[in-house]
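Spelled out, the chains give:
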Amino acid sequence: MYRTITVIGLGTLGGFLCKHLSEMEELEELIIIDDDIVEVKNVFKSIYRSQDVGEYKVDAMSNLISNNISVKKIKSKYIDGKTKIKSTDLVIDCRDIVCDRSNDIDVRFYISEKILIIDCRKNVRNVCSYEGGYRTQLNKSEINKAAFFAAQTVFSGQLYEMTKNNMVQRINLDLVSSVMDKSIRKNLKNKLDIIYDLAGDTQRLQCIEENIKPILRLNRSSDIDVFVGSKSKNYKTIERTRKINLPVERKTNYTLIPRNSLNSSLDVIQRLTEIVKKQPGISNFIISVTKDENNNSYIELIEETGAA
Amino acid sequence: MIDYNDSTIITLGSKKLDLVEEHNIYLDEIIPDKVIQNKNVYHITFLDSVYFLKGFDIVTENKRVKRVYLFGFHPNRDNNGLYCLPDTKKNIFLNEEYFNMLLSNIKTYYFDSCYFKPPKTLIKYTKVKSIYIQLNQGDKDES
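Residues numbered from 1 in each chain as written. Chains lettered and ligands numbered in written order. Predicted model: local features only at pLDDT ≥ 70, side-chain atom pairs only at ≥ 80, totals over all residues.

## Things to note about the overall build of chain A
The condition is simple: Numbering of helices and strands starts at the N terminus; helices are DSSP runs of H or I of at least 4 residues and strands are runs of E of at least 2. Exposure classes come from backbone-placed C-beta atoms, where a residue is buried if 20 or more other C-beta atoms lie within 10 Å of its own, exposed if 12 or fewer do, and partly exposed in between. The contact criterion used is a C-beta to C-beta distance within 7 Å, with each C-beta placed from the backbone.
What chain A contains, in helices and strands, is eight helices and 14 strands. Within chain A, buried positions represent 34% of all 308 residues. Residue pairs in contact within chain A that sit at least 24 positions apart in sequence constitute 63% of those at least 6 positions apart.

Pasting the structure below:
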């Protein structure tokens, strides 16, 4: 339904919303607009991390979004009627300011205390403008849930109907909290940590932060040991056949990735895939980062055996 | 019943075709340590000793792997002990690389498709962060 989306304002709600929108399969392009810089106060309630402080919000946000969609960053203040942006299927306003809106913006998402408001009216004129933070009683996790809910309305077709009819909807986050919890739990349960599909151009990455970034960090500080299959003790074998002479001691297939040789997520995937492709008969596999008894991290490439 | 105390060489068909079936018996205690479920990896933290394997038998034909029998209970083997070998793992020359991969596979329970799951009292496992890589057809190793 919506393949290209513009989000104006990357504050608490806008930041989480962008992240959830970027995880939707249908989305191809996301344009993010904000002229603000991440401050320390933003870390407590919004998606940004302490290492993002001092960066432009659009830069920090694009780092948080997986690279399977096109992200265009605009580091300037959006002024209604004056700022020209590329035409997209949907323009979402998540700014924490109240200002006049013309036809360019399709929907405004905002939170007031414990209410998520989805305002799809156009040509809105306000008596006076207000600029500042939301009056919200929600914590970081609850804002994340509200953003998740908002993203669901975008891709479920609900928002399409609302924008068509210029509707305004107020959603009490307390009332839908249990439903959302259930929905999120179900979503997380079915969600893989990461899928990276090398078939054609369809690449889908999920939870990139928690999974690939530690590998990149590890490689910045040291070489990485990679084992195809389990890193395990060497087994002694008892040979019973006369024809095939297998060595008495076996070592798991091992490769070393030198320090600083992985610079991006794509590097990680490509380098490890190269290692796997040298092995006989491997189809799909799973990368797992593990620590040994001395707290040294290493990577295991586990084959999906895939048979019953 | 497989008698793995003796080496067994069975000749199939005509000797002119040189079809020789060999049993490559490997005997040692194998303790499964991983589970794959929903394309995620789990580390086994506790496993009852009833599931420790005593070894396995790689049956080859003209030195190419045909099937594998496991000596012990395993979710991915049938009642006859036949291990479910994916097609990509069949008809491949048995060498050290292959052996290591097979050993690693056997040490991994694949729960997405299995004959049974050990009861929760006999197995405990925890999820670890993982990245699932799906290779397309062109990327598969043809060897």
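## Some details on the overall build of chain B
Looking only at helices and strands, one finds one helix and nine strands in chain B. Each helix and strand of chain B, ordered N terminal to C terminal, gives the series β-β-β-β-β-β-α-β-β-β. Looking at chain B as a whole, 34% of its 143 residues are labelled buried. Sequence separation of at least 24 residues holds for 60% of the intrachain contacts in chain B that already meet a minimum separation of 6.

## Here's the deal with the confidence of the model for chain A
The line we're drawing: Per-residue confidence from the predictor is reported as pLDDT, which spans 0 to 100.
Of all residues in chain A, 75% have pLDDT values of 70 or greater, and the mean over the chain is 77. Across residues 233–250 of chain A, confidence stays below pLDDT 50; counting only partners more than four residues off in sequence or on other chains, it has 33 contacts.

## Description of helix H8 (residues 265–277) of chain A
All names here are of chain A. Under the convention used in this document: The length a helix should cover is 1.5 Å for every residue beyond the first. Here the arc refers to the directions that run from the helix axis out to each C-beta atom.
When the terminal C-alpha atoms of H8 are compared, their 18 Å separation across 13 residues agrees well with the 18 Å that a helix rising 1.5 Å per residue should span. Burial in H8 covers these residues: Ser265, Val268, Ile269, Leu272 and Val276. Here the buried residues of H8 occupy an arc of 90 degrees about the axis, which is enough to place them on one side. Opposite the buried face of H8, by more than 90 degrees, sit the exposed residues Gln270 and Glu274.

## Considerations on the nonpolar core
What counts is decided by this rule: As used throughout, a nonpolar core is a set of buried Ala, Val, Leu, Ile, Met, Phe, Trp, Tyr and Cys residues joined through C-beta atoms within 7 Å of each other.
In terms of nonpolar packing, the biggest core is built from 49 residues, with Ile286 and Leu301 of chain A together with Ile106 of chain B touching the most fellow members. With residues near it in sequence (within four places) discarded, Ile106 of chain B still touches Ile30, Leu53, Phe56, Leu70 and Tyr83 of chain B. Ranked by size, the runner-up nonpolar core spans 43 residues in total, among them Leu64, Phe109, Ile143 and Ala151 of chain A.

## Points about the environment of Ile5 of chain A
All names here are of chain A. Looking at the secondary structure, you find Ile5 in strand E1 (residues 4–8). What makes Ile5 buried here is the crowd of 26 C-beta atoms within 10 Å. With 16 residues separating them in the primary sequence, Ile5 and Leu21 have C-alpha atoms 8.8 Å apart.

## Details of the sheet that holds E1 of chain A
All names here are of chain A. Defined as follows: Any two strands are treated as partners once DSSP identifies two or more bridges connecting them. Comment: axis = line fitted to C-alpha atoms, over the contacting stretch for helices; angle = value between 0 and 180 degrees taken between N-to-C directions.
The strand order across the open sheet formed by seven strands is E3-E2-E1-E4-E6-E7-E9, and the pairing between neighbours is mixed. The sheet is open, and its two borders are formed by strand E3 (70–74) and strand E9 (168–172), each paired with just one other strand. Averaged over all neighbouring strand pairs, the angle between strand axes comes to 20 degrees, with direction disregarded. Contacts from helix H3 (residues 57–64) reach strand E2 (29–33) and E3, with the element oriented near 170 degrees to E3. Set on the sheet, helix H4 (residues 140–156) makes contact with strand E4 (90–93), strand E6 (107–112) and strand E7 (115–119); between it and E7 the angle comes to about 30 degrees.

## Considerations on H3 of chain A
Turning to H3 of chain A, its buried residues number three or more, namely Lys57, Val58, Ala60, Met61 and Leu64 of chain A. Taken end-on, H3 of chain A shows its buried residues confined to a sector of 160 degrees, consistent with a single buried face.

## Overview of unusual backbone geometry
Residues and elements named next belong to chain B. Although it is not a glycine, Asn62 sits at a positive phi angle of roughly 50 degrees. With respect to the helices and strands, Asn62 occurs in the loop between strand E5 (53–61) and strand E6 (64–70). Since 13 C-beta atoms lie within 10 Å of it, Asn62 is described here as partly exposed. You will see that Lys63, though not glycine, has its phi angle at about 70 degrees, which is positive.

## Topic: the pairing of strand E13 (residues 285–291) of chain A
As paired elements, E13 of chain A and strand E9 (residues 130–134) of chain B share four bridges and run antiparallel to each other. When the sheet's bridge partners are listed, Ile286 of chain A is paired in E9 of chain B with Tyr132 of chain B. Relative to strand E14 (residues 297–303) of chain A, E13 of chain A runs antiparallel, the two sharing seven bridges. By the bridge assignment, Phe285 of chain A is partnered in E14 of chain A with Glu303 of chain A. Count of turn residues in the E13 of chain A/E14 of chain A antiparallel hairpin: five residues, of which Asn295 of chain A carries a positive phi of about 70 degrees.

## Looking at the sheet that holds strand E8 (residues 123–127) of chain B
Backbone-to-backbone hydrogen bonds join strands into a sheet, with any given pair of strands oriented parallel or antiparallel. Residue and element names in this part refer to chain B. Ordered in space as E7-E3-E4-E8, the four strands form an open sheet in which the pairing is mixed. With one partner strand each, in any of the chains shown, strand E7 (108–110) and E8 form the two edges of the open sheet. Strand-to-strand twist in this sheet, taken as the mean axis angle between neighbours without regard to direction, amounts to 35 degrees. Bridge count for strand E4 (residues 40–47) against E8 is five bridges, and the pairing is antiparallel. Counted as the bridge partner of His43 is Thr126 from E8.

## So, the environment of Ile74 of chain A
All names here are of chain A. With respect to the helices and strands, the residue Ile74 is situated in strand E3. Given 17 C-beta atoms within 10 Å, Ile74 falls into the partly exposed group. With 11 residues separating them along the chain, Ile74 and Ile85 place their C-alpha atoms 9.0 Å apart. Discounting residues that sit within four places of it in the chain, Ile74 has contacts with Ile31, Ile33, Val58 and Ile85.

## Side note on the environment of Tyr51 of chain B
All names here are of chain B. By secondary structure assignment, the location of Tyr51 is in the loop between E4 and E5. Expressed as a C-alpha distance, the spacing of Tyr51 and Pro75, which sit 24 residues apart in the sequence, is 9.4 Å. If sequence neighbours within four positions are ignored, Tyr51 has contacts with Pro32, Phe73, Pro118 and Leu122.

## Quick look at the confidence of the model for chain B
Residue and element names in this part refer to chain B. Per-chain confidence: chain B averages 79 in pLDDT, with 81% of residues scoring 70 or above. In this model, residues 1–11 is a region of pLDDT below 50 whose contacts with residues beyond four sequence positions or in other chains number 16 contacts. Counting interchain partners and residues more than four positions distant, the pLDDT-below-50 stretch residues 137–143 has 12 contacts. In the model output, the complex is listed with pTM 0.55 alongside ipTM 0.78.

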